[in-house]
Every structure is written in C-alpha cells, then in structure tokens.
Amino acid sequence: MGQKMSSEPLTRSEVFGQLRRELYGEEQWLFRDGLLPDDTYFVGFARSNLTVQDIKTACLPHMKVTDEESESLSAFFSKNSYLRGRYDDDSSFDQLNAHLSSLPGGADANRLFYLALPPTVYHHVSTNIRGHCMGGKGWNRVIVEKPFGRDLQSSQELSAHLSSLFTEDQIYRIDHYLGKEMVQNLMVLRFGNRIFGPIWNRNSVACVVLTFKEPFGTQGRGGYFDDFGIIRDVMQNHLLQMLCLVAMEKPPSTSPDDVRDEKVKVLKCIAPVTVSDVVLGQYVGDPEGEGHSKMGYLDDPTVPEGSCTPTFATAVLYVQNERWDGVPFILRCGKALNERKAEVRLQFTDVPGDIFNERCQRNELVVRVQPDEAIYLKMMTKRPGVYFSPEETELDLTYRSRYKNVKLPDAYERLILDVFCGNQMHFVRSDELREAWRIFTPLLHQIEAEKTHPIPYTYGSRGPNEADELVKRVGFRYEGTYKWVQPHTT
C-alpha cells in the first residue's frame, strides 16, 4: 500500500499553463477536511501577471463554498502565494526555489509539483524543476497531466526525458478517471465477490461495452480539441484504463505495482486496432435544435476549415488470452451525443436450452461511472400476477439511494491525496503508457495520413448508425425493450 503521509511540512508548487479553478477547489476541500499536513503551502507559478486575490476571485464561483466555510476558505488562501516567471528561464526557477525555501520547513520540506501545462513546455519546466527546485531532505514528486504525447514515439520521448530527471516512484501520470468511485470499485466488485469469479470470462460473457458520452460539443475549445481528437482525448486513456480493470487477472495483492503489472499484461494481449474495426464520426448541427445544438463541429470558429478530426469513435478490441479470447471489447466515446454517461457494460451469453420461446433477454451487469453512480444487473423474473411469462427487471445498487448521506470525493481530490501518501496504484506507469500507445498509434497515423473523413452525425443523436451496425456485427445485442430508471432517492 502507499506510504503513510509524512508529518514533515509540505511545500506544494503548482505550475500552471492556465488557471485551473478545479484544482484550487479540490485542494481547498482537502484542506477544509483536515486531510493535509498542517504546514502545507500552495504556490502558483506561471507566465501570467496574477495575484492570489485574482486567483481567489476567479475560483470562488466554482468552489461551492457555504457561508459556514468562509473561515476555512480564508485560512486556505492565506497559505497560497503566486510567482510570475518564464518556463525556459533558469533565474525564474531560482526565484521559485528561494520562495519555497522561505516557507516553513525550508529546503527540507516535501515538495509536490503539479504540471498543468501544455506538452510543448514540459521539457523546459521539468528540467528546471530538477535543476533548481528539488528539496533536500523531504520527498519530491511530480504530477504530469495527459496528453502524455501524441503517439508512441512522442510518448516514449517524453517518458525518456522524465526518467532522465526523476525516478519512476517520483512521477505520477494522472488520469482522473482512475480516481472515480465506480472505476475504483471495479476491483472490489470483481475480486471481493465469489459470485462473479466463475462467470467473468469468455464462457459466459458475450461482449464488454465501455462507453463515454457527452451531450455538448467543443463550444469554442475546438482549436485545442482539434489537435488531439476523441481517440487521444478519451479512448486511448480513460476507456482503455477501464478495460484493463475489467479484463485483468487477480493481482497477488493491492500493492500499486502488483495491480499495474496485471494491467500491463492485459494491454500486451491486445493487437493494434485496425481501421476495419473502427467507426469515426463528426457532429453536425441540428437544424431544429436550440442554442449550441444548431452548430456543428466545423461551425466552431476555433476549428480549422475542413478538419477531419473525429468527435466520435467506436472501436472493437480483442484481448487475446485464455480468459477473453474471442470476446469483443467495444469502446464508444463521443461529443454532442444524446446524454451524459460513462459506464462499463458486460453482456452475458444467451441461456442455453431456452424454454421460454425466445422471450428472455440477455443478462447485463452495468457499472455506471457517471452521472448517478450505480451498479445494476439486468435479469429476467416472472411477470407479477397471474401470468407465467418472463419480464426484464434489475437488481439495483444506486449509490444516492443506498448511501444517502455519503459525499463522494471528486476524482482529482482522491488522486491528489494519493500523491501526498505516496500511493501510485491509480496512476499510469511508463510501461502501461507505452502499451496503450502501441495499440492506437498505427490507427492514428493511418487516419491522419489518409485524411479519413468521419461520418456526419446530428448533434444530440446516438452517433452514426454505422457504429450500431459495427457493434451488432461483432456480437452485441441491443433489444431496445428496457431502460434503467434511476430509483427514487429521497
């Protein structure tokens, strides 16, 4: 497990490419709840000309602070400071180090550096941190945000650069989906319950569907998104990490390296995805819609004219090992779709020896990651009353109903606390990253070289019909007879 949190003073240096309001909110929650060491200080560093008051003013509308928490909020911001400097300037980092050393604990304090930066400046910043800002006695840890490169080569170059400066146990590659409650629950669900073990394999599972849907488009952020596209933004990281947790073997323990070893084994069993197993889409405006829904991706003024960047993708992967051979893992993600949803869905095979005249639907185990966290099992029961016919229903564990007074921490809040504690279980290791890029790089290079045109789909729809045809062809059965309804939670 992770190291016990040190009682040494902790100087946290955050390096911002832009003001990250959500990070200040999560730090404030950790501070408010007493989950950080008492002598924790927060230092912002960027090129912008800002003050702590500027930061506070920008963050307050997003921090969900009650009147009762105003004193705690003031105490939090009293421990904040900000320095302006250049990322490629040695003297700026000397000034940053002098400031860090002037705080309680001085040069001996633990130091945590959060690089919320565009990849173009990672090299300068990481080199300057290593050369000018490392603490002497306490630990030094660096959080790196995705994208971890654009393809296998650029990712390996970045990993090689970081490993030349820091040890692997100092590097925390953060994928916030690994901090979500239901994603972390997958291991307990699988390995803490006897009933799932015998059926969690190719003998009982027909297919696995991992879904990420957003009901909004790029809305002015298209310039940033266009550099990456939906495969790099969601599929290669969030969905592939969830696939690993579904498909991995039981680790010897819950130690970070034991868990990550098993995830890497899964990735090594997946061949690079081919164009024939992929459907790409790009949303167009809905003429009958309202507001943003009237605008297509190419109508976003920040998107280059004629862009072929996909905003939707469905891909079919196969884990070629004894447990999963032949079972399709369907990854679906997109923007401007009909709902906000992220989930893992295991669809089981048909009951052999049907005696109900094909009136039974396939069982499905669904882990709903967001919104409205839930686990439910779609199953057949007898229709109530004098009838003797099967009816589809569910066994339902909806968190807001079962755990009424429990506040689930935000993903970043969880993960930042893990870094403080030295627990790397929910962070991406360099060999995981390499295997993930190996799976998707050939596809990305091909569609970009050929300028493959994505299939248009209407804003607010389920995506291209061709995607439904692909998943049907590989074995997923969609009956359309049942929809999960969130139970009454009051």
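For clarity, every value in this text was computed on a predicted model and none was experimentally measured. (Residues numbered from 1 in each chain as written. Predicted model: local features only at pLDDT ≥ 70, side-chain atom pairs only at ≥ 80, totals over all residues. Heavy atoms only, no water.)

1. Description of the nonpolar core
In step 1: One finds Leu210, Ile231, Leu243, Leu317, Phe329, Leu346 and Phe440 to be the most contacted residues of the largest nonpolar core, which totals 131 residues.
In step 2: By residue number, the principal contributor to this core is helix H9 (residues 229-247), which donates twelve residues.
In step 3: Setting aside residues up to four positions removed in sequence, Leu210 forms contacts with Leu239, Met242, Leu243, Phe329, Ile330, Leu331, Arg332, Glu343 and Val344. (Core = buried A, V, L, I, M, F, W, Y, C linked by side-chain atoms within 4.5 Å. Buried < 20%, exposed > 50% of the residue type's maximum accessible area, 1.4 Å probe, protein only. Helix = DSSP H or I, 4+ residues; strand = E, 2+ residues; numbered from the N terminus. Contact = heavy atoms within 4.5 Å.)

2. Looking at the sheet that holds strand E12 (residues 364-370)
In step 1: In spatial order, the strands read E14-E13-E12-E11-E7-E10-E9-E8-E15; together these nine strands make up an open sheet with mixed pairing. Both outer strands of the open sheet, strand E14 (390-398) and strand E15 (455-458), are each paired with one neighbouring strand and no more. With strand direction ignored, the average angle separating the axes of adjacent strands in the sheet is 20 degrees.
In step 2: With six bridges connecting them, strand E7 (residues 205-213) and strand E10 (residues 328-334) associate as parallel partners. By the bridge assignment for E10, Lys213 is matched with Gly334. (Pairing = 2+ DSSP bridges. Axes fitted to C-alpha atoms, helices over the stretch in contact; angles between N-to-C directions.)

3. A look at the confidence of the model for the chain
In step 1: Averaged over all residues, the pLDDT of the chain equals 86, while 93% of them reach at least 70.
In step 2: Low pLDDT, under 50, characterises residues 1-7; the predicted model gives this stretch 18 contacts beyond four residues in sequence or across chains. (pLDDT = per-residue confidence, 0-100.)

4. Here we look at the packing of aromatic side chains
In step 1: One pass over the full model with this rule turns up 14 aromatic pairs.
In step 2: On the numbers, 6.3 Å between centres and 50 degrees between planes, the contact of Phe45 with Tyr87 is tilted. Taken as a pair, Phe45 in strand E2 (residues 40-46) and Tyr87 in the loop between strand E3 (80-84) and helix H4 (90-102) lie far apart in primary sequence, 42 residues in all. For the pair Phe45 and Tyr87, a shared accessibility class is recorded, and that class is buried.
In step 3: Measuring from centroid to centroid gives 5.2 Å for Tyr224 and Phe228, while their planes differ by 50 degrees, and the two rings are tilted.
In step 4: Looking at Tyr224, the relative accessible area reads 40%, which means it is partly exposed.
In step 5: Exposure remark for Phe228: the relative accessible area of 14% places this residue in the buried category.
In step 6: Its guanidinium or amino end placed over the ring of Tyr41, Lys79 lies 5.0 Å from that ring's centre, counting from NZ or CZ.
In step 7: Positioned over the ring face of Trp139 is Arg141, at 3.8 Å from the centre of the ring. (Phe/Tyr/Trp six-rings, centres within 6.5 Å; stacked < 30°, edge-to-face > 60°. Lys NZ or Arg CZ within 6 Å of the ring centre and 35° of its normal.)

5. With respect to unusual backbone geometry
In step 1: Cis peptide bonds are those with omega within 30 degrees of zero, and the linkage from Gln370 to Pro371 qualifies with -20 degrees.
In step 2: In this structure, Pro371 sits in the loop between E12 and strand E13 (374-382).
In step 3: The phi dihedral of Ala336 is positive, around 55 degrees, even though this residue is not glycine.
In step 4: With respect to the helices and strands, Ala336 occurs in the loop between E10 and strand E11 (341-348).
In step 5: In this structure Ala336 comes out as buried when scored by relative accessible area, which is 0%.
In step 6: Although it is not a glycine, Lys451 adopts a positive phi angle of roughly 50 degrees.
In step 7: Considering the arrangement of structural elements, one finds Lys451 in the loop between helix H13 (430-449) and E15.

6. Topic: the pattern of salt bridges
In step 1: This model, assessed by the stated rule, comprises 26 salt bridges.
In step 2: In this structure, Glu214 and Lys335 form a salt bridge, with 2.7 Å as the shortest nitrogen-oxygen distance. Here Lys335 lies in the loop between E10 and E11 and Glu214 lies in the loop between E7 and helix H8 (222-226), a separation of 121 residues in the sequence.
In step 3: The class for Lys335 is buried, based on a relative accessible area of 8%.
In step 4: Each member of the salt-bridge network shares a partner with another, and the members are Lys213, Glu339, Lys341, Glu343, Arg345, Glu364, Lys378 and Glu392. (Salt bridge = Lys/Arg side-chain N within 4 Å of Asp/Glu carboxyl O.)

7. Regarding the pairing of strand E9 (residues 312-318)
In step 1: Counting buried positions over the seven residues of E9 gives six, a clear majority of the element.
In step 2: Relative to E9, strand E8 (residues 278-284) runs antiparallel, the two being bridged by four bridges. Bridge pairing in E9 places Gly281 opposite Phe312.
In step 3: Direction of pairing for E9 relative to E10: antiparallel, over a ladder of seven bridges. Residue pairing for E10: Val316 is matched across the bridge by Ile330.

8. Quick word on helix H12 (residues 411-421)
In step 1: Counting buried residues in H12 gives ten out of eleven residues, a clear majority hidden from the surface.
In step 2: Of the positions making up H12, those classed as buried are Ala411, Tyr412, Glu413, Arg414, Leu415, Ile416, Asp418, Val419, Phe420 and Cys421.
In step 3: One or two positions beyond H12, positive phi appears at Gly422, with a value near 75 degrees.

9. A few points about helix H14 (residues 465-474)
In step 1: Those residues of H14 lying buried are Ala467, Leu470, Val471 and Val474. Projected down its long axis, H14 carries its buried residues within an arc of 90 degrees, all on one side. Of the exposed residues in H14, the ones pointing more than 90 degrees away from its buried face are Asn465, Lys472 and Arg473.
In step 2: Downstream of H14 by one or two residues, Gly475 has phi in the positive range, about 125 degrees. (Arc of directions from axis to C-beta.)

10. Focus on the pairing of E13
In step 1: Pairing analysis gives five bridges linking E12 to E13, with the strands arranged antiparallel. From the neighbouring strand, Glu364 faces E13, where its bridge partner is Lys378.
In step 2: Counted between consecutive antiparallel strands, the loop separating E12 from E13 contains three residues, among which Asp372 sits at a positive phi close to 55 degrees.
In step 3: Here nine bridges tie E13 to E14, and the two strands are oriented antiparallel to one another. Directly across from Met379, in E14, lies its bridge partner Thr393.

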